[in-house]
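Listed below, chain by chain, are the residues.
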Amino acid sequence: VQLVESGGGSVQPGGSLRLSCEASGRIFHIHDMGWYRQAPGKQRELVARVGSETEYADSVKSRFTISRDNGKNSVFLQMNNLKPEDTAVYYCHANVVRIPFPPTDYWGQGTPVTVSS
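Residues numbered from 1 in each chain as written. Predicted model: local features only at pLDDT ≥ 70, side-chain atom pairs only at ≥ 80, totals over all residues. Heavy atoms only, no water.

Chemist: Could you clarify how one ought to interpret unusual backbone geometry in this entry?
Modeler: What you tend to see is this: most non-glycine residues have negative phi, and most peptide bonds are trans. Cis geometry is adopted by the peptide bond preceding proline 100, which originates at isoleucine 99 and carries an omega value of 5°. Relative to the assigned elements, proline 100 resides in the loop between strand S9 (88–97) and strand S10 (104–107). Phi at serine 62 is positive, roughly 75°, even though this residue is not glycine. Checked against the element boundaries, serine 62 lands in the loop between strand S6 (54–56) and strand S7 (64–69). Unusually for a residue other than glycine, asparagine 81 sits at a positive phi of about 50°. When you line up the elements, asparagine 81 lands in the loop between strand S8 (74–79) and S9. (Helix = DSSP H or I, 4+ residues; strand = E, 2+ residues; numbered from the N terminus.)

Chemist: Help me understand the state of the cysteines in this model?
Modeler: When the sulfur atoms of two cysteines share a covalent bond, that bond is a disulfide. Throughout the structure, instances matching the rule amount to one disulfide. Note on cysteine connectivity: cysteine 21 is disulfide-linked to cysteine 92, with sulfurs 2.1 Å apart. Taking the sign of the S-S torsion, about -85° here, the bridge from cysteine 21 to cysteine 92 comes out left-handed. Placement of the pair is cysteine 21 in strand S3 (residues 17–24) and cysteine 92 in strand S9, with a sequence separation of 71 residues. Assigned by exposure class, cysteine 21 and cysteine 92 land together as buried. (Disulfide = S-S within 2.5 Å. Buried < 20%, exposed > 50% of the residue type's maximum accessible area, 1.4 Å probe, protein only.)

See below:
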């Protein structure tokens, strides 16, 4: 299973970016899909995920929106009103079921987001 991300880049504070991630391979079902981020010197943290429920980090609520296209095994993150503290490498995550194996976590390679004036 491969997760391929796109959409990162550099923006000024207050700007917007849209991240995309598509999972490919022998996939039977995907439980959760979501986005995590890791800033320099910090641990990786959840940004948002969608499965049976949708969850957001408090720091991004009302600014970021996660959406999912199950038919295309894809997840998207619309990021508005970006702040310098959003600067990080953003990683796509998927919890994938591949028969006959148990659900397994997969990660993308990461896409950098830089918010700076």
